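Coordinate analysis (summary)
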Amino acid sequence: MTTVDLPLLPLGRGTDPLSERGVDCPGDLPAASDPDLVERARAAREKLGERLFVLGHHYQRDEVIQFADVTGDSFKLARDAAARPEAEYIVFCGVHFMAESADILTGPDQRVILPDLAAGCSMADMARIAQVEKAWDALAAAGVQDVVVPVTYMNSSADIKAFCGRNGGVVCTSSNAEVALDWAYAQKGEDTKVLFLPDQHLGRNTAVLQLGIPLDECVVWNPFKPNGGLTAEELAKAKIILWKGHCSVHGRFSADVIDELRAKVPGLNVLVHPECQHEVVLKADQVGSTEYIIKTIEAAPAGSSWAIGTELNLVQRLKNAHPDKNIMFLDRNVCYCSTMNRIDLPHLVWTLENLVEGVVVNQIQVDPQTEADALVALQRMLDLPGKSHRD
Ligand code: SF4
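Residues numbered from 1 in each chain as written. Predicted model: local features only at pLDDT ≥ 70, side-chain atom pairs only at ≥ 80, totals over all residues.

**Notes on the environment of serine 304**
What counts is decided by this rule: Comment: elements are numbered from the N terminus, with helices defined as DSSP H or I runs of at least four residues and strands as E runs of at least two. With C-beta atoms placed from the backbone, the exposure class of a residue follows from how many other C-beta atoms lie within 10 Å of its own: 20 or more, buried; 12 or fewer, exposed; in between, partly exposed. Placing a C-beta atom from the backbone of each residue, one calls two residues in contact when those atoms lie within 7 Å.
Within the secondary structure layout, serine 304 lies in the loop between helix 13 (290-299) and strand 12 (305-309). Overall, serine 304 belongs to the partly exposed group, with 15 C-beta atoms counted inside 10 Å. For the pair serine 304 and glutamate 260, spaced 44 residues apart in the sequence, the C-alpha separation amounts to 18 Å. In contact with serine 304, other than residues within four places in its own chain, are Asn269 and Lys325.

See below:
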């Protein structure tokens, strides 16, 4: 069995700068029960004025979102940050790979800050650069590397985006994955294969449902098995090689619950994110990114019923914003993204108050070479024709 060095990081001790994981939080955080937290956050914001720009991902808690200057998905937020060159401090209320993308897209004098370094992403962690380089070598040994184009989802570390930049690949979001795959398949002639990182579900859903690639030409690369667990014949036949990664939040939704809810709620519309498993997407009425989900609910008629398969903070916010619609969560259990939820009011207050004192905590900095390579893959995405680049 192939092993890859993945140091165990007990919560609160140590960081692993080579992956999305980092769990240090130096200094004293205010207590979560401190009744003055909202006032303290407001006061610090006011003191920082235009020097500060706070970004809030849709999956963040309400207690944090209330302080965001803009909300959105990861790519929109990175672009919003790039459009504010006067902001000295970009506080990213989201997860680590998002802050990295913001650092790549913002100017060298802007500091991007993640209020809690433990806010990683389990999906991004599933593809580490050492594993991907090993897979790339194995594809060379199997004689197929020269027809493989790597495509990585925005939800990946800067290292992986840089790998794609160096190797003729591209970044995609959940909105433009189809266009990105079309582009990739035009790169190496009719034998082109795509290595899709790190979310097997987005890759499979897009390849099968939007490009019409047969399911049996989608193979899964398991980085913990020699040669990804694939035979030479399977690799030769494959049109898309899906990295064995998934979102631990969206992967929980199941086809059973859709059946159960449809039996109970007449006229139910099921709306899910493409990070959900293929069988869930097949049973849904509509599939789309977080921005698509928000717009669909905004445009839905009063009285309509919706079961939504995405992160719970967003579903609850939509439910509160649209009391005239019957909105429910597509899971029997509570299903927050635990790493997104690491960013809470105490961490935000701690970050802002340090900035007021002139201390930059938890800065996210991508090294210049990685940044340059990652920008190549991001630029290829920006140059794709058509659709928006929303995550
Ligand atoms: S919702 Fe999924 S993809 Fe998004 S940050 Fe959480 S684990 Fe990562």
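**Section: the sheet that holds strand 2 (residues 70-72)**
For clarity, the cut-off: The pairing criterion is simple: DSSP has to find at least two bridges between the two strands. Working convention: axes come from line fits to C-alpha atoms, limited for helices to the stretch in contact. Angles between N-to-C directions cover 0 to 180 degrees.
A sheet is described by the order of its strands in space; here four strands give the open sequence 2-1-3-4, paired in parallel fashion. Looking at strand neighbours, the two that pair on one side only are strand 2 and strand 4 (111-113), the edges of this open sheet. Taking each pair of neighbouring strands and ignoring which way they run, the sheet shows an average axis angle of 25°.

**Notes on helix 6 (residues 129-141)**
The criterion, for reference: Under the convention used throughout, the expected extent of a helix is 1.5 Å for every residue step, that is, one less than its residue count. By arc we mean the arc of the directions from the helix axis to the C-beta atoms, nothing more.
Between its terminal C-alpha atoms helix 6 stretches 18 Å, which fits the 18 Å expected from 13 residues at 1.5 Å a residue. All of the buried residues in helix 6 are Gln131, Val132, Ala135 and Leu139. End-on, the buried residues of helix 6 take up no more than an arc of 95°, which puts them together on one face. Along helix 6, the residues that are exposed and aim more than 90 degrees away from the buried face are Glu133, Asp137, Ala140 and Ala141. Residues of helix 6 that are buried sit in contact with strand 5 (148-153), helix 7 (158-166), strand 7 (193-197) and strand 8 (218-221). One or two positions beyond helix 6, positive phi appears at glycine 143, with a value near 80°.

**Examining the domain arrangement of the protein chain**
For interface size, the figure often reported is the accessible area lost on association. Note the following rule: Segmentation of the chain into domains, including their bounds, is taken from an automatic or database domain assignment.
Splitting the protein chain by domain gives domain 1 (37-123 + 339-367), domain 2 (124-246 + 373-382) and domain 3 (250-329). For domain 2 and domain 3, the distance between their C-alpha centres works out to 28 Å. Contacts between the two partners involve eleven residues from domain 2 and, on the opposite side, ten residues from domain 3.

**Thoughts on the pairing of strand 5**
Put simply, the rule reads: Look down the strands so they point away from you; if going from the first strand over the helix to the second traces a clockwise path, that crossover is right-handed.
By the criterion of burial, strand 5 is predominantly enclosed, with six of the six residues buried. Alternating residues of strand 5 divide into Val148, Pro150 and Thr152 and Val149, Val151 and Tyr153, and every residue in both groups is buried. Two strands pair when backbone bridges link them, and strand 5 and strand 7 are joined in this way by five bridges, in the parallel orientation. Looking at strand 7, one finds that proline 150 is bridged to leucine 195. Here strand 5 runs beside strand 6 (residues 170-172); their pairing, made up of three bridges, is parallel. Of the residues in strand 6, the one forming a bridge with valine 151 is valine 170. Tracing the backbone out of strand 5, into helix 7 and back to the parallel element strand 6 gives a crossover that is right-handed.

**Re helix 7**
Of all nine residues in helix 7, eight are buried, a share of seventy percent or more. Along helix 7, the residues classified as buried are Ala158, Asp159, Ile160, Lys161, Ala162, Phe163, Cys164 and Gly165. Positive backbone phi, at 75°, marks glycine 168, one or two positions downstream of helix 7.

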